Amino acid sequence: MSVETRAPAAGRTFETLYTEVQQFYARHMRLLDDGAAEAWAATFTADGSFKLPSADEPVRGRATLAAGVARSAAALAEAGEQHRHVLTMVEVSPREDGSLGVRSYAQIIATPRGGQPRLHLMCVCSDVLVYEDGELRVRERVVTRDGDA
Amino acid sequence: MSVETRAPAAGRTFETLYTEVQQFYARHMRLLDDGAAEAWAATFTADGSFKLPSADEPVRGRATLAAGVARSAAALAEAGEQHRHVLTMVEVSPREDGSLGVRSYAQIIATPRGGQPRLHLMCVCSDVLVYEDGELRVRERVVTRDGDA
Amino acid sequence: MSVETRAPAAGRTFETLYTEVQQFYARHMRLLDDGAAEAWAATFTADGSFKLPSADEPVRGRATLAAGVARSAAALAEAGEQHRHVLTMVEVSPREDGSLGVRSYAQIIATPRGGQPRLHLMCVCSDVLVYEDGELRVRERVVTRDGDA
């Protein structure tokens, strides 16, 4: 069973937090872009939520998160298109309860088989990350998409 | 009154400097992209200068810097366009006087309301950052734009 | 003569490794984009190899690596085009032998003189980095390009 240590950020320096967050996102986005649905969903907490710009309500829980990615991966494979999530401009705000507020920019780059890459979407990502058993996980994510009214 | 401590970099490890610089730029560019003109200008020193590729002379001082961003933000809002400054490839060179030379790449991504994002500009950014009251600030910035003759 | 210290990663914390890797890539890619062929090749080990997506066999050794970059730089200068390698999403995996496995994404952005930047290529970069005389160097690189069959 996962135990969320209270205020684990308190025991870490800023540079440790910041580099661990960057490494976390690198792995997290690679799993997503590789279509590794279950492994990706495991980087959320058990009750983790993800509010997509196109949805009214957040997706919640690993099974639902994994199912969504599996569907997207199948659709992209069918279309012969590779997506890459390039997350940059990470701003980490440690909170009193030991969680981390993290804001970032995310470019989604799409490349069709045999074709040229294009900048598909430009998003802003607002996460709450927590440490569980020493590993970072996403407890809450809200993504907004530039160009939306 | 702000006091610029002499050689503050000396008391910081490279990993502390490097992560503080990345966090600084994440916040700095978000303020710019949000059109928070005054807060953005406050991340420069009082006499901070900014040489834009389109100008012969640098803009100098917070009031002038803030006025420029306020004008740009109004023009973008009028045009219904969101800009994002994605600064990457940060190279930090600590200097003897405690300031930091920082070179980076900056992509500017523009998204019109209801439309698709496009890569608007690709720039190289050369900054001199200093610590004032424990906070990083831009003392001098020179930006060049790829494609210029 | 260069001496590759065994397991140098052992003496470094994760945050030190991670920031040194980021700084290394910032300089490494700037040398490449500036066409500084010899200086760029010196950031590989003497027997360093680079497997390009378009080639069947890796390029090996500094002289060959430098010659390749010199040719590319001359061709880009002739065409009046600037390339920028934007390497992000760095995932560092320290290995038992002291080397670092590093996976990352690399956008190549091209800007013609007097024109607009475009996203030219989207790549995945798999490196093995080692410390030699306290400096990071590439011992092995394999790059794949999105869109390839």
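Going by the structure above, here's the rest.
It should be emphasised that the depicted structure is a prediction, and the values quoted were computed from it without experimental measurement. (Residues numbered from 1 in each chain as written. Chains lettered and ligands numbered in written order. Predicted model: local features only at pLDDT ≥ 70, side-chain atom pairs only at ≥ 80, totals over all residues. Heavy atoms only, no water.)

A. Summary view of the relation of the copies chain A and chain C. Superposition of chain A onto chain C requires a rotation of 120° combined with a translation of 0.0 Å along the rotation axis, giving an RMSD of 0.0 Å. With respect to symmetry, the two chain copies, as superposed, fit the operation of a three-fold axis. The position closest to the rotation axis in chain A is occupied by the C-alpha of Glu 15 of chain A, lying 3.7 Å away. (Least-squares fit on C-alpha atoms with pLDDT ≥ 70 in both.)

B. Broad picture of the interface of chain A and chain C. Counting from both sides, the interface comprises 30 residues of chain A and, opposite them, 22 residues of chain C. Between chain A and chain C, roughly 2100 Å² of surface is buried when both sides are summed, and carbon and sulfur atoms account for 55% of that area. Three residues stand out in chain A for area buried against chain C, namely Gln 23, Arg 30 and Arg 84 of chain A, and they jointly supply 32% of the buried area on that side. Our enumeration of links across chain A and chain C arrives at two salt bridges. One salt bridge in this structure joins Glu 91 of chain C and Arg 30 of chain A, with 3.3 Å as the shortest N-O distance. Scanning the region where chain A abuts chain C turns up nine residue pairs in polar contact (both at pLDDT 80 or more). Counting residues per element, the ones that place at least two in the side of chain A that touches chain C are α1 (14-33), β3 (81-94), β4 (100-112) and β5 (118-132) of chain A. Here the side of chain A that touches chain C is composed, by residue class, of nine nonpolar, 13 polar and eight charged. (Contact = heavy atoms within 4.5 Å. Buried area = accessible area lost by both parts, 1.4 Å probe. Salt bridge = Lys/Arg side-chain N within 4 Å of Asp/Glu carboxyl O. Polar contact = N/O pair within 3.5 Å; in protein donor to acceptor, adjacent residues only side chain to side chain. Helix = DSSP H or I, 4+ residues; strand = E, 2+ residues; numbered from the N terminus. Nonpolar A, V, L, I, M, F, W, Y, C, P; charged D, E, K, R; others polar.)

C. Layout of the packing of aromatic side chains. Per the stated rule, a full pass over the model turns up 15 aromatic pairs over all chains. When the ring of Phe 44 of chain A is compared with that of Phe 50 of chain A, the centres are 6.2 Å apart and the planes differ by 20°; the resulting orientation is stacked. Of the two residues, Phe 44 of chain A and Phe 50 of chain A, both sit in the buried class. Relative to Tyr 25 of chain B, the ring of Phe 24 of chain B has its centre 5.6 Å away and its plane inclined at 65°; by these criteria the two rings are edge-to-face. What makes Phe 24 of chain B buried here is its relative accessible area of 10%. (Phe/Tyr/Trp six-rings, centres within 6.5 Å; stacked < 30°, edge-to-face > 60°. Buried < 20%, exposed > 50% of the residue type's maximum accessible area, 1.4 Å probe, protein only.)

D. Broad picture of the side chain of His 85 of chain C. Tracing the backbone shows His 85 of chain C in strand β3 (residues 81-94). Its relative accessible area of 16% is what places His 85 of chain C among the buried residues. A distance of 2.7 Å separates polar atoms of two side chains, one belonging to His 85 of chain C and the other to Asp 33 of chain C. In this structure His 85 of chain C touches Met 89 and Tyr 105 of chain B together with Met 29, Leu 32, Asp 33, Gln 107 and Ile 108 of chain C, once residues within four positions along its chain are discounted.

E. Fine view of the pattern of salt bridges. According to the stated counting rule, one finds 24 salt bridges over all chains in the structure shown. One salt bridge connects Arg 84 of chain A with Asp 146 of chain C, and the closest N-O pair in it is separated by 2.8 Å. Of the two residues, Arg 84 of chain A sits in strand β3 while Asp 146 of chain C sits in the segment after β6 (135-145), which places them in two different chains. Like Asp 146 of chain C, Arg 84 of chain A is buried.

F. Just the sheet that holds strand β2 (residues 59-60) of chain A, in detail. Spatially, β2-β1-β6-β5-β4-β3 (chain A) is the arrangement adopted by the six strands of the open sheet, whose pairing is mixed. Two strands in the sheet have a free side with no partner beyond their single neighbour: β2 and β3 of chain A. Taken together, the two bridges between strand β1 (residues 44-51) of chain A and β2 of chain A define a ladder with antiparallel strand orientation. Directly across from Phe 50 of chain A, in β2 of chain A, lies its bridge partner Val 59 of chain A. Sheet contacts for helix α1 (residues 14-33) of chain B: β3, β4 and β5 of chain A; angle to β3 of chain A, the most-contacted strand, approximately 100°. (Pairing = 2+ DSSP bridges. Axes fitted to C-alpha atoms, helices over the stretch in contact; angles between N-to-C directions.)

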